[in-house]
Number of protein chains: 2
Amino acid sequence: MTPVDELSASMEDYLEAIYHIVTAKQAARAKDIAKRLDVNNSSVTGALRTLSEKGFINYAPYDVITLTPKGHKHAEDVVRRHEALMDFFTKVLCVDRTEASEAACKMEHAVSRNILDRLIRFVEFIEICPRGGETLIQGFNNHCRQEGNFITCQDSLARCLEDLKQRQKDIEGDLLETAPLNDLRQDQRGKILKIKGKGGISKKLAELEVTPGSIVEVIQTDTETGALDIKVRGYRLSLSTEEAAKILVERSGN
Amino acid sequence: MTPVDELSASMEDYLEAIYHIVTAKQAARAKDIAKRLDVNNSSVTGALRTLSEKGFINYAPYDVITLTPKGHKHAEDVVRRHEALMDFFTKVLCVDRTEASEAACKMEHAVSRNILDRLIRFVEFIEICPRGGETLIQGFNNHCRQEGNFITCQDSLARCLEDLKQRQKDIEGDLLETAPLNDLRQDQRGKILKIKGKGGISKKLAELEVTPGSIVEVIQTDTETGALDIKVRGYRLSLSTEEAAKILVERSGN
DNA sequence: TAAAAAATTTAGGCGACCCAAAGTTTACCG
DNA sequence: CGGTAAACTTTGGGTCGCCTAAATTTTTTA
Ligand SMILES: [Mn+2]
Ligand SMILES: [Mn+2]
Ligand SMILES: [Mn+2]
Ligand SMILES: [Mn+2]
């Protein structure tokens, strides 16, 4: 049998499914899982027993299913891999979401820690680098489609220069500003300049290798409490206003 | 049982191993395969039977193993996937070769046709695009390593502009020239400008979706016959001098 | 509250892998 | 030619993931 802390690809998919169902509703039932993964009910029971034996889920026959802390953590990791691959496929390679998600769900079990990390950083970099961004992706798309009426290196270079100069103008007009993270609104992004303090959130971010230069995206804001859901380096985090205030970012011009 | 034309991940690995062994020596023996894949001899026998039944290899008990045309074709496809992922990991993500190869060999079985295609084109694009290339990758590496002394968007953009201008100068001095593919030497690359003729090589390239704009790399040249081994869109091809002469490329400044 | 319906589990089976140990075949040498 | 070592195959046994059919439990409904 596989070691108690490890999961086969199939078991990871079950765990992932449970995670999504538990997030949407309160708890998962075997039937939901079977439907989501398109497998037979009895297959689910078998998987549940395995996951339960290994301590990933709370499960008793006929009872409702929830994740243990260990299971939750592992599920989040699977989801992170899934989303990271998905982001790369959709944002960089311009593959449509359905196909990207299917491929991601197969590949997520085979990607190594380190390569995943580089991939996340690469997408981040392409999105934020002045020579990357939208226009690079556009250029890539043209490159893919070009049939005859392509451009020479020289022309291509000239165009790139044009493009960057234009962007410089845009940015100068826009005057990028520095702001605490809690000033950002939903869907805005920023580049981390500084993380104040030593313990608490600062430590946590350091553990995740979130450093100045990393890109943060605000996923959601709670208008009442001011709490933020952010995504950084592939991780989804929730921050209180106080915590967010400690993070200084340069607003991304977008 | 899986359909007769399809192979499981495991069987693909066996096929891949056989391909490499057959390429190196004349034919493969069960023992070589077992050693290469680090599995038990008896597992190899089982795999050989399966591959033989499905028509991928020529195999008789106690005899030497070779690939059928069908097997050769499928093996080349597996290798193409392996190399494409490997290229992306090493050239773009800067992962070291050993790790890249391991990861590629796991992921190669999960990557979809379309995504593989986009990936190959992306690597090609990054290598050839003026705003991509070496300096972009360097920028990416800096982005990964930066701890505190990172750059703001504005500075970053200025640097990029500098870099592109410099490159423009380099290119102007170098004056890129147009040449038939057979003029390129080993390890040189070029961007396809035009493919002359209708049938033969032209048709074959069209089938592989090799079009003007695609990047060709010369892997090896035969000084006697002038034949070329090239790599284009992830495919390895052998061309005679006459065939190569029909392909007009713009020399890559590298 | 008892029967019907729905959900879940159990039992049994299959295919794809893999391994250890035991048995065969082959190649080669004195 | 016989003996032997190396290479190879077969046998038997185990895991994993999935399925169907049948049994069991829970929930709904009349
Ligand atoms: Mn998956
Ligand atoms: Mn997934
Ligand atoms: Mn492989
Ligand atoms: Mn491989």
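The notes below deal with the structure included here. (Residues numbered from 1 in each chain as written. Chains lettered and ligands numbered in written order. Predicted model: local features only at pLDDT ≥ 70, side-chain atom pairs only at ≥ 80, totals over all residues. Heavy atoms only, no water.)

In this section: the packing of helix α1 (residues 9-24) of chain B against helix α3 (residues 41-53) of chain B. Residues and elements named next belong to chain B. The N-to-C vectors of α1 and α3 enclose an angle of 95°; their axes lie 10 Å apart at closest approach. Classified by the interaxial angle, the pair formed by α1 and α3 is roughly perpendicular. Between α1, through M11, Y14, L15 and I18, and α3, the contact on the second element is made entirely by S43, V44, A47, L48, T50 and L51. Of the residues assigned to the contact of α1 with α3, the class counts are eight nonpolar, two polar and no charged. (Axes fitted to C-alpha atoms, helices over the stretch in contact; angles between N-to-C directions. Helix = DSSP H or I, 4+ residues; strand = E, 2+ residues; numbered from the N terminus. Parallel < 35°, antiparallel > 145°, perpendicular 65-115°, else oblique. Contact = heavy atoms within 4.5 Å. Nonpolar A, V, L, I, M, F, W, Y, C, P; charged D, E, K, R; others polar.)

Helix length check: helix α7 (residues 133-145) of chain B (13 residues) gives 19 Å between terminal C-alpha atoms against 18 Å at 1.5 Å per residue, within 8%. On its buried face, α7 of chain B is in contact with α6 (113-128) of chain A together with α4 (69-92) and α6 (113-128) of chain B. (Expected span 1.5 Å × (residues − 1).)

This next bit is on the coordination of the manganese ion (ligand 4). For a metal with four donors in a tetrahedral arrangement, the ideal angle between donors is 109.5 degrees, while six donors in an octahedron ideally sit at 90 or 180 degrees. Residue and element names in this part refer to chain B. Listed as protein donors to the manganese ion (ligand 4) are E16 (OE), E16 (OE), H82 (ND1), C105 (SG), E108 (OE) and E108 (OE); their distances from the metal cover 2.1 to 2.5 Å. With six donor atoms in place around the manganese ion (ligand 4) and angles of 54 to 147° between them, the coordination shape is irregular. Along the chain, the residues that donate to the manganese ion (ligand 4) are spaced as E-x65-H-x22-C-x2-E. (Donors = N, O, S within 2.8 Å, 3.2 Å for Na, K, Ca; no water. Tetrahedral: all angles 85-135°; square planar, octahedral: opposite > 155°, others 65-115°.)

Our focus in this paragraph is the packing of α1 of chain B against helix α2 (residues 30-37) of chain B. Residues and elements named next belong to chain B. The N-to-C vectors of α1 and α2 enclose an angle of 115°; their axes lie 10 Å apart at closest approach. Relative to α2, the crossing made by α1 is right-handed. Contact residues: α1 offers D13, Y14, A17, I18, H20 and I21, while α2 offers D32, I33, R36 and L37. When the residues that make up the contact of α1 with α2 are grouped by side-chain class, the tally is six nonpolar, one polar and three charged. (Left-handed = near helix turned anticlockwise from the far one by under 90°.)

A word on the coordination of the manganese ion (ligand 1). All names here are of chain A. Taken together, the protein ligands of the manganese ion (ligand 1) are D13 (OD), C105 (O), C105 (SG), E108 (OE) and H109 (NE2), with distances of 2.0 to 2.7 Å. Here the manganese ion (ligand 1) and the manganese ion (ligand 2) are spaced 3.6 Å apart, and both take C105 as a donor. According to the relative accessible area criterion, C105 is partly exposed, its value standing at 22%. On the accessibility criterion, H109 (21% relative accessible area) is partly exposed. (Buried < 20%, exposed > 50% of the residue type's maximum accessible area, 1.4 Å probe, protein only.)

A separate point is unusual backbone geometry. Residue and element names in this part refer to chain B. A positive phi angle, close to 55°, is found at D38, a residue other than glycine. With respect to the element layout, D38 can be found in the loop between α2 and α3. The class for D38 is exposed, based on a relative accessible area of 70%. Here C94, not a glycine, exhibits a phi torsion of approximately 60°, which is positive. For C94, the position within the fold is in the loop between α4 and α5 (97-107). Taking the relative accessible area as the measure of exposure, C94 reaches 29% and is therefore partly exposed.

Here we take up the relation of the copies chain A and chain B. Superposing chain A onto chain B takes a rotation of 180° plus a shift of 0.0 Å along the axis, which leaves an RMSD of 0.1 Å. The symmetry that links the two subunits is that of a two-fold axis. Of the residues that chain A buries at the interface, 100% are likewise interface residues in chain B, meaning the two copies contact each other through the same surface. (Least-squares fit on C-alpha atoms with pLDDT ≥ 70 in both.)

Residue and element names in this part refer to chain A. Here we have six strands laid out as an open sheet, ordered β3-β8-β4-β5-β6-β7, and antiparallel in their pairing. The two strands at the open ends of the sheet, each matched to only one other strand, are β3 (178-180) and β7 (235-239). Strand-to-strand twist across the sheet, computed as the mean angle between neighbouring axes with direction ignored, equals 40°. Alignment of strand β4 (residues 189-195) against strand β5 (residues 215-221), held across three bridges, turns out to be antiparallel. Bridge pairing in β5 links G190 to V216. Here helix α9 (residues 200-207) sits on the sheet in contact with β4, β7 and β8 (247-251), set at roughly 180° to β7. (Pairing = 2+ DSSP bridges.)

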